[in-house]
Amino acid sequence: MTEVLTRKERLAAGSRCPECGGALDPSPEDARRGQRRLAAIARAASSVADAASLSVTLDVVANEVVQAEHIAAVQILRVEGGTMRVVGKAGFTDAEDFTDRLEDCRRLGARMMFVEAFESCRRIVVPHRKAAVMADPAWEPLHRIMGAPEWDAFAAVPLVVRGRAVGVLNAFYKPGEPPGTEAVEFLEAMADQAATAVDSADLLSRSRHDAQVAERARLARELHDSVVQQVFSMRMQAKALQAQVAPGRAIRAERVQAVADELLELAQTALTDLRGLVLQLHPVELVERGLAGAVRSHAESVQGTSGLDIDVDVDLSVGVGDLPVELQEDLYRVVQEALHNVVKHADATRVSVHISTSGPPDRVVVEISDDGIGLTAQVRAGALGLVSMRERAERWGGSIELGSMDDDRGPNSGGCRVRVCVPVGGPGPAR
């Protein structure tokens, strides 16, 4: 952040005297422009912190640049797998095939100044760039798009994260408004915000991937520890039964019956566990019965196998309407993960699952509380699966809170509460 703050200070300071280096009194127009730049940086920083979608965030950054400067259009490009694609823009007409057209221009030999800025990690400013682009046949695939806005000079500033370029911000200045030093410094400050947004999106994606890998590993362990072991025991019992009825051997009915009974019990247990794992992998009951029915069904299954006393209370407001299936599944997974933790680590006897809506603004609240050994002990056991639950809440713009039940029942009473709150009717899950 040191570099960004330095740029802000330079932007706020205005012009410098060439003789002594002291600050000159800016003109009213320069002062207003400086204020617009600083306000744009602040709003862009806020969007980076709050927006749930990278494309939404970078569109905001691009629009802030256009509104603060005499700029006709802005593009923010990201590099992934050696390919540049537009992830934020303002002032350009929509072009779904922009990346393909850009590749066509590259094959035709077009000189791409923003690629040079990206590869060198240095800003590039080119006056009268539009005339050169429109006169170059190599740029013909993009003439319609590049020719739409009224622009003249061009500036490209790389998006740099920890010394590595991850993209580039392109600015197309209106005729008669060539970018000066302060204008380019403003672009660099906005490029820093865009780079932060890209880096945050990458970190979030990696965190989500790690959570998914951990969840698959957990399911694999449960499959091995339950179903695989039971099937192995079934195989051994089947061999024993086969030996009991082998030709020439006296058949003892009571022994055959005992082996058959044990084999039947193992098969029933394996079937129950397998159905539970299938439900975790693909909760079809969500589609058939909705969130309330699926949670109640899962609670009954957990109660039957663990002996826990689980109370489920669902109070969804009619005014909220049907929840998206994806949101229902994420909330269901939160309940599933929380109950799994209670069974494995909480040493509890009672669990309460409460799902309700509150508003305005309309929100879905899921709360799971138990009377077990408490939050600290569960955290020490590594039981909460916080990454998975937090990811599921945050992808919908929601939040998760963890707390002890001590506040409600007095000190040393134990117990843990998981509370997830997700807004309803938002833009949808972040990808």
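A quick note: this is a predicted structure, and the numbers were derived from the prediction, not measured. (Residues numbered from 1 in each chain as written. Predicted model: local features only at pLDDT ≥ 70, side-chain atom pairs only at ≥ 80, totals over all residues. Heavy atoms only, no water.)

## Describing the overall build of the protein chain
In terms of regular secondary structure, the protein chain is built from 14 helices and ten strands. If you take every contact in the protein chain between residues at least 6 apart in sequence, the share linking residues at least 24 apart comes to 66%. Taken as a whole, the protein chain presents about 22,500 Å² of accessible surface, with 52% of it coming from carbon and sulfur. (Helix = DSSP H or I, 4+ residues; strand = E, 2+ residues; numbered from the N terminus. Contact = heavy atoms within 4.5 Å. Areas by Shrake-Rupley, 256 points an atom, 1.4 Å probe, with all protein chains shown as cover.)

## Notes on the nonpolar core
If you look at the biggest cluster of nonpolar residues, it comprises 35 residues, and the most contacted ones within it are Val 295, Ile 310, Leu 331, Val 351, Val 353, Ile 355 and Ile 368. Sorting the residues of this core by element identifies helix H10 (285-306), strand S6 (309-315), helix H11 (325-346), strand S7 (350-358), strand S8 (363-370), helix H13 (386-394) and strand S10 (416-423) as the ones contributing at least two each. With residues up to four places along the chain from it excluded, the contact list for Val 295 reads Val 312, Tyr 332, Val 335, Val 353 and Ile 355. (Core = buried A, V, L, I, M, F, W, Y, C linked by side-chain atoms within 4.5 Å. Buried < 20%, exposed > 50% of the residue type's maximum accessible area, 1.4 Å probe, protein only.)

## Quick notes on the sheet that holds S7
Judged by pairing direction, the sheet is mixed, and its five strands sit side by side in the order S6-S7-S8-S10-S9 without closing on themselves. Edge positions in the sheet fall to S6 and strand S9 (399-404), since each of these pairs with one other strand and no more. Neighbour to neighbour, the strand axes of the sheet diverge by 10° on average, direction disregarded. Taken together, the six bridges between S9 and S10 define a ladder with antiparallel strand orientation. What sits directly across from Leu 402, in S10, is Val 418. (Pairing = 2+ DSSP bridges. Axes fitted to C-alpha atoms, helices over the stretch in contact; angles between N-to-C directions.)

## A few points about the sheet that holds strand S4 (residues 154-161)
What holds strands together in a sheet is hydrogen bonding between their backbones, with the strands either parallel or antiparallel. Spatial ordering of the open sheet is given by S2-S1-S5-S4-S3, a layout of five strands whose pairing is antiparallel. Each of the sheet's edge strands pairs with one partner strand only, and the pair in question is strand S2 (83-90) and strand S3 (124-126). Across this sheet, the average inter-strand angle for adjacent strands is 20°, counted without regard to direction. Against the sheet, helix H3 (residues 54-68) contacts strand S1 (71-80) and S2, and its axis sits at roughly 60° relative to S2.

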